[in-house]
Amino acid sequence: QVQLVESGGGLVQPGGSLRLSCAASGSIFSIYAMGWYRQAPGKQRELVAAITSGGSTNYADSVKGRFTISRDNAKNTVYLQMNSLKPEDTAVYYCNADLTTGWGLVPDDYWGQGTQVTVSS
């Protein structure tokens, strides 16, 4: 069984910063890409940022220059540093990991439970 546990969400004023963390645990053989998605009320879930096991990253245009994704492969953990936050960044943020649980298995997607980020004065 695999678990992704997120932490670091909360309420912050516009222009502020937050750092999200997501730790993967359980029967993990290998983790490929990890990423962060978000879903605002009434909107579809969207990719915020992703990072491969080799460290290549990609970002949504709306967060480029403000958010930074990183990972610690030894700890199976991915981070999202969010700076210069805007009210439109308010959403539930979900961690995602593309991983295998055994040799020769096809990678599958796993999701965290989500953490609320609210940007408001």
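Going by the structure above, here's the rest.
Residues numbered from 1 in each chain as written. Predicted model: local features only at pLDDT ≥ 70, side-chain atom pairs only at ≥ 80, totals over all residues. Heavy atoms only, no water.

Here we look at unusual backbone geometry
Negative phi characterises most residues that are not glycine, and trans characterises most peptide bonds.
In step 1: The phi angle at Asn76 is positive, at roughly 50 degrees, despite the residue not being glycine.
In step 2: Along the chain, Asn76 falls in the loop between β7 (67–72) and β8 (77–82).
In step 3: The phi angle at Ser84 is positive, at roughly 50 degrees, despite the residue not being glycine.
In step 4: As for its position among the elements, Ser84 is in the loop between β8 and β9 (91–100).
In step 5: Residue Ser84 is classed as partly exposed on the basis of its relative accessible area of 41%. (Helix = DSSP H or I, 4+ residues; strand = E, 2+ residues; numbered from the N terminus. Buried < 20%, exposed > 50% of the residue type's maximum accessible area, 1.4 Å probe, protein only.)

Let's talk about the side chain of Asp89
In step 1: As for its position among the elements, Asp89 is in the loop between β8 and β9.
In step 2: In terms of polar contacts, Asp89 uses its side chain to reach the backbone amide nitrogen of Lys86, at 2.8 Å.
In step 3: Discounting residues that sit within four places of it in the chain, Asp89 has contacts with Arg38, Arg66, Phe67, Ser84, Val117 and Val119. (Polar contact = N/O pair within 3.5 Å; in protein donor to acceptor, adjacent residues only side chain to side chain. Contact = heavy atoms within 4.5 Å.)

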